[in-house]
Every structure is written in C-alpha cells, then in structure tokens.
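Here's the letter readout for the chains.
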Amino acid sequence: MTSFSSRTRPSSPDVVVVGAGLAGLYQLHRLRELGLTSRVFEAGSGIGGTWYWNRYPGARCDVESLEYSYSFSEELEQEWEWTERYPAQPEILRYVEHVADRFDLRRDVELNTRVEAAVWNGERWEVTTSRGETVAARYCIFATGCLSKPKDLEIPGLDEFAGPIHSTARWPHEGVDFSGRRVAVVGTGSSGVQSVPLIAAQAAELTVFQRTANYVVPAHNAPMDPAAQAARKADYRRYRAEARESAAGLLGAVPEGNALDATPEERQAAFEGAWAEGSLGALRRTYADLGIDLAANDTVADFIRDKIRETVHDPDTALALAPDDHPFGTKRPCLDTGYFETFNLPHVRLVDVRKTPILEFTAHGVRTTEETVEVDDLVLATGFDAMTGALLAIDIRGRDGVRLADEWAAGPRTYLGLGVAGFPNLFTITGPGSPSVLSNMMVSIEQHVDWITECLRRLDGATIEPTPEAQRTWVEHVAEVGASTLYPLANSWYLGSNVPGKPRVFLPYIGGVGAYRAICDEIAADGYRGFLTAG
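Only a predicted model underlies this, so the values are computations on that prediction, with no experimental measurement involved. (Residues numbered from 1 in each chain as written. Predicted model: local features only at pLDDT ≥ 70, side-chain atom pairs only at ≥ 80, totals over all residues. Heavy atoms only, no water.)

**Student:** It is not clear to me how the overall build of the protein should be interpreted in this structure. Could you clarify?
**Tutor:** Looking only at helices and strands, one finds 17 helices and 21 strands in the protein. Taking 2.2 N^0.38 as the reference for a compact globule, 535 residues should give roughly 24 Å; the C-alpha atoms of the protein span a radius of gyration of 23 Å, in line with that estimate. Based on the C-alpha atoms only, the size of the protein along its principal axes is roughly 70 × 55 × 45 Å. Burial analysis of the protein (535 residues in total) assigns 55% to the buried set. Considering only contacts in the protein between residues 6 or more positions apart, those separated by 24 or more positions represent 72%. On the protein, roughly 21700 Å² of surface is accessible, and the fraction owed to carbon and sulfur atoms is 50%. Counting 51 positive and 74 negative side-chain charges, the protein places the averaged centre of each group 4 Å from the other. (Helix = DSSP H or I, 4+ residues; strand = E, 2+ residues; numbered from the N terminus. Rg over C-alpha atoms; globule rule 2.2 N^0.38 Å. Buried < 20%, exposed > 50% of the residue type's maximum accessible area, 1.4 Å probe, protein only. Contact = heavy atoms within 4.5 Å. Areas by Shrake-Rupley, 256 points an atom, 1.4 Å probe, with all protein chains shown as cover. Lys, Arg positive; Asp, Glu negative; His and termini not counted. Charge placed at Lys NZ, Arg CZ, Asp CG, Glu CD.)

Below, the structure is given as structure tokens:
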C-alpha cells in the first residue's frame, strides 16, 4: 500500500474520488486494498457527506441503525454500539468518524476542496479543484451523493428578508436557538417533518408553509434494546445476506397476498400491525399490489388519512395535512415523531400554499395571495436537486470534450447507474439508473463500491466504458420497470419534478436490490458485457 503525507500527495494518482461521505470513504478503503494511490476531494470542512451537512433539528436516518451501517468489517460490526433504534445525525457522524479513524482514512482526504471540473484527455482524467490544482488520474469515481445539492428556490424576494435564513441542507454547526421567535418553515418533506416538532418546542409562533401534504408514518423510535443488538450481532452474516437479496436492501418478509383480495377487516388488521411496528417498509410489506394497483394503494392511503384525522384536532388542518394528490409511496414517505400532534399546539399553524400560494418573501415575512405572515426567522426545507444535481454541478467532459450536462439534457443516461458511454474510466456510486434512493443506501453503496473495486482489479490499468447500445437498453429497461408502477403518478423528486425545467425522467431503478445485484454480477462474470475495454 502506498502512503504519503499531506505535503507529498501525488499529482497523478491512480484514482480520484469525489466526496468523502459513506460511499467515498468505503471506496478509499477498498482502493487501498488494491494498492492503488488515490486522492479524495471533499467540499465540506469535515467528512461524513449527508451526515456532515444535515444538522437541522431532528435530523435522523429513516433506516434502523442496525441496518444502516457498514458490513465489510465484522470487527467494526461487533465493536460499535448503537444507542437508538433510528440513529440521529450526531450519532451517525460519530460512527463515520470512528470508521475513518479506525481504518486511517483521513490522511487521503482533502477537505474544503471542491471539484470544479473533470476532463478526459484521452488517457487520464484531469480533475481541477477549487484550490486551483489540476490532478491527472487514470480513474475518476464520483461519490457525490444522491441528495446533496440543495435545489434553488423559485420564490422571489429572499434577498429582501431582513432576518436570519436557515436551510435544513446547510444548517449552522453551532445550532440555532428559536426561543421566543416567530418562525416560518417552508417545506414539508423529510427535513420539514423532522424539524417542525423541535422548532415548535422553542418558537413563540411557528407557521408551516406546505405545498404537498406528505404520508407520514410513526417511527416509534426508542433507546436501543441491548438484547436485540446482541442478538443481531450474533447472527449478523445471515441478516446482511438477507438484506442484500431483498427488494430494498431492508429486512422484512416479502408480501405475498394482495390488498384487493383481503376483506376490509383483514386489511385493517394488517395496516394496524404495520402502523404499530413503525418503519417506512412496514406498510409497504403488507400487500404485494400496493405499488402497482391504484385501487389497492387507495386502501392504505385511506388508512393513513384516517390516522391523520384521528390525530389532528382541527378538521380543516387535518384535511390539508392529508395527502390527496399522489398514491402512498410514490413520493418518499417520512417517519414521524410527533409531527401531526404539533399542529394541535396553539402557537403552530399550517398554510396550504396550494390554496394560498406564496407570492414573495418580504423584509419581515412571507406574502401569500391572502396575507403577509410576519416572522423573525425563515427555515427553508425545500429539498434537493436529486441524483443528478451534484454531478451536473461539476463540469464533466468525456471523449472529444462532450459535456455530461449536454449528454443528459433530456435526462440522465447511464449503464447500470455505474458508468456513462463516452466517459471512459468514470464511475458513479449509486448513480441514476441504480436502486440508490429506493433502497437502504448502505447496502447499495457497498454493492457499487465492491463492484467497482473488483472491476479495477481485473482491469489492471485498462480503459473501460459502456457501449452506447448497452446504455440505451438499460435506460429503456429502467423506464419500463418504473412505468409498471404507480411512481409516475406523482410529481416527485424521483422524477425530477421538484426542479423547474428538469427533464421528467424516473431516476432510480425499481427492479429491486437483489435482482439488480444479480444483473451486475452476471455482467461482470460475462467479461463486463456491455462495456468496451482496451489497453
């Protein structure tokens, strides 16, 4: 293994890795096993990716901690003790930092260094950073994350607002005290749902501006049961294998029956059991037809709407909070810890911007078509330019200077979500066209990193890129599988619909984590079918 200090970093490493989150750090670890030199560039001032940036109140993973963790080291699995069923941001960041220290990963990571351009010169990638350095690498691996570039806000007047403006995607590391303040939260996706109860606990007044009502299910978070953790650790290999072969990289029984074949009483009992379990997957696993049959989906959607009406006292607020414009699961559902109950507090109110759209921000508040709400602080929980935003923020140019942004003008085109035709020796970890955001990201990250690592080992310095035909076939397959579900019925970030002007394309692959893994393994075993190799 080659080692080098921060003052002697190679100007021509074997590999450049962009991003030092969970994916980039694991990729660095595997590259070292190959004896390859690498440089990892990270825009943040610390490692951790998503869990470095997202520090808003209530930030928490919606995958259980015993599943949202690395599986590559049995020693790491055994030594780390989780404290909660669903880990909060500070605990996940501590875990990432522990992994980095345990495997001595920090010395190859360059913080506060944004990659601005990556250009293929015919033999190597010339990677230019915000520090003015250009590094020439044989391979370039993008571990930039699926939800890492905040979307631009379309509402005018933000520069006019006189008070503090906080983005959930870039929260101050020192935290924010809202005590005695009038606060507006704009957005009710995951970060809004998680932060609203905690902000309400401090604020004198809280106004939540909602464009789209969300299906929110209870987390039933609790301190980690030591016995449950010990039992999982005693049989971790079996659990990990089950997750890798599952549909979403998560443990849980595969649904067999259909909702429309069950009686109303049977469905109610099944949904109540899943509601009591508390997880994103529990309701989905009750019946096999919920994701493909609208009438079946209506049964679970109605169940959740009834739960909202039972919880929220004001009928008008309950009606506004109950989703009515998309099937359950077609936008990412959220896990709930007191979200709906928060709207029963006398100092909290909801503004439905479908009925009263926001016209602009003013110096002292938010102006809608009906009123101006005066506030002291703005909290923007307005989401991300998902899956493609972080990649297209970099000037990536392949053969003959072709820009990735031009190649993807009508939507992203990849082979397996791992590579792009015309962009040799470039890999994307959990890129568009892979299960990524529809899965336990830890399982998908490890699968991609392991696949890329084995590919580099077998290439031994050769050049590789997808063929246009293989890429076209894969893109068509991803679209076809997506179209067979209810996902296209929602205007979601899964389809880029949250970003004005972004092509409406189903971005992830919904064929299942286990099935996708089998496809990738088969392609590799067949001499990397669909890829061109040379050298």
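**Student:** Would you mind showing me how to read helix α4 (residues 89-102) here?
**Tutor:** In an α-helix, one full turn covers 3.6 residues, which means residues spaced three or four apart are oriented alike. When the terminal C-alpha atoms of α4 are compared, their 20 Å separation across 14 residues agrees well with the 20 Å that a helix rising 1.5 Å per residue should span. The complete set of buried residues in α4 reads Gln89, Glu91, Ile92, Leu93, Tyr95, Val96, Val99 and Ala100. Summarising the contacts, the buried residues of α4 are in contact with α1 (22-33), α2 (50-53) and α3 (74-79). Taken from the residues just after α4, aspartate 104 is the one with a positive phi, measuring 55°. (Expected span 1.5 Å × (residues − 1).)

**Student:** How should I be thinking about the packing of helix α8 (residues 264-277) against helix α10 (residues 294-311) in this particular structure?
**Tutor:** In a packed pair of helices, the relevant descriptors are the angle between the two axes and the axis-to-axis distance. For the pair α8 and α10, the least separation of the axes is 11 Å and the interaxial angle reads 60°. Between α8 and α10, the angle is such that the two are oblique. Here the hand of the crossing between α8 and α10 comes out right-handed. Seen from α8, the contacting residues are Arg267, Gln268, Phe271, Glu272 and Trp275; seen from α10, they are Thr299, Val300, Phe303, Ile304 and Lys307. Each residue belonging to the contact of α8 with α10 can be placed in one class, and the counts come to five nonpolar, two polar and three charged. (Axes fitted to C-alpha atoms, helices over the stretch in contact; angles between N-to-C directions. Parallel < 35°, antiparallel > 145°, perpendicular 65-115°, else oblique. Left-handed = near helix turned anticlockwise from the far one by under 90°. Nonpolar A, V, L, I, M, F, W, Y, C, P; charged D, E, K, R; others polar.)

**Student:** Can you walk me through the pairing of strand β7 (residues 139-142) in this structure?
**Tutor:** Looking along a regular strand, one sees side chains alternate from face to face of the sheet. Residues Tyr139 and Ile141 line one face of β7 and the alternating positions Cys140 and Phe142 line the opposite face, and both faces are buried. Pairing of β7 with strand β19 (residues 426-428), which is carried by three bridges, proceeds in the parallel orientation. For phenylalanine 142, the partnering residue across the bridge sits in β19 and is threonine 428. (Pairing = 2+ DSSP bridges.)

**Student:** Looking at this structure, I do not really get the packing of aromatic side chains. What am I missing?
**Tutor:** Here the distance between the centres and the angle between the planes together describe a pair of aromatic rings. In total, this model carries 28 aromatic pairs according to the counting rule given. With centroids separated by 4.9 Å and ring planes inclined at 45°, the aromatic side chains of tryptophan 474 and tyrosine 509 adopt a geometry described as tilted. With tryptophan 474 in helix α16 (residues 468-483) and tyrosine 509 in the loop between α16 and α17 (513-525), this pair connects stretches of sequence that are 35 residues apart. The residues tryptophan 474 and tyrosine 509 share a single accessibility class, namely buried. Taking 6.2 Å as the distance between ring centres and 50° as the angle between the ring planes, the aromatic pair formed by tryptophan 474 and tyrosine 516 counts as tilted. Note that tryptophan 474 is positioned in helix α16 and tyrosine 516 in helix α17, a separation of 42 residues in sequence. Each of the two residues, tryptophan 474 as well as tyrosine 516, counts as buried. Here a set of aromatic residues connected by ring pairs shows up, and it is made of Tyr26, Tyr70, Phe72, Trp80, Trp82, Tyr95 and Phe103. The positively charged end of arginine 55 is found above the aromatic ring belonging to tyrosine 52, 5.0 Å away from the centroid. The aromatic ring of tyrosine 239 is capped on one face by arginine 232, whose charged end is 4.4 Å from the ring centroid. (Phe/Tyr/Trp six-rings, centres within 6.5 Å; stacked < 30°, edge-to-face > 60°. Lys NZ or Arg CZ within 6 Å of the ring centre and 35° of its normal.)

**Student:** Looking at this structure, I do not really get the sheet that holds strand β8 (residues 165-167). What am I missing?
**Tutor:** As a general point, the strands of a sheet are linked pairwise by backbone hydrogen bonds and lie either parallel or antiparallel. Ordered by their spatial adjacency, five strands build an open sheet running β8-β17-β9-β10-β13, and the pairing between neighbours is parallel. What marks the edges here is a single partner per strand, and that holds for β8 and β13 (348-352). Looking at each pair of strands side by side, their axes are set apart by 20° on average, direction ignored. Contacts from helix α5 (residues 190-202) reach β9 (182-186), β10 (205-210), β13 and β17 (377-380) within the one sheet, and its direction differs from that of β10 by about 160°.

**Student:** What should I look at first to understand the environment of glutamate 446 in this one?
**Tutor:** Considering the arrangement of structural elements, one finds glutamate 446 in helix α15 (residues 441-459). Residue classification places glutamate 446 among the buried positions, given a relative accessible area of 7%. Measuring from C-alpha to C-alpha, the distance between glutamate 446 and phenylalanine 72 comes to 8.0 Å, with 374 residues separating the pair along the chain. If we ignore the near neighbours within four places in the chain, the residues touching glutamate 446 are Tyr26, Tyr70, Ser71 and Phe72.

**Student:** Which parts of the structure should I look at to understand unusual backbone geometry?
**Tutor:** Keep in mind that most residues, glycine aside, have a negative phi and that most peptide bonds are trans. Although it is not a glycine, aspartate 104 sits at a positive phi angle of roughly 55°. Residue class for aspartate 104 comes out partly exposed when judged on its relative accessible area of 39%. With a phi angle near 50°, histidine 220 is a residue other than glycine that sits in the positive phi range. Inspection of the secondary structure assignment puts histidine 220 in the loop between β11 (216-218) and α6 (226-234). A relative accessible area of 40% places histidine 220 in the partly exposed class.

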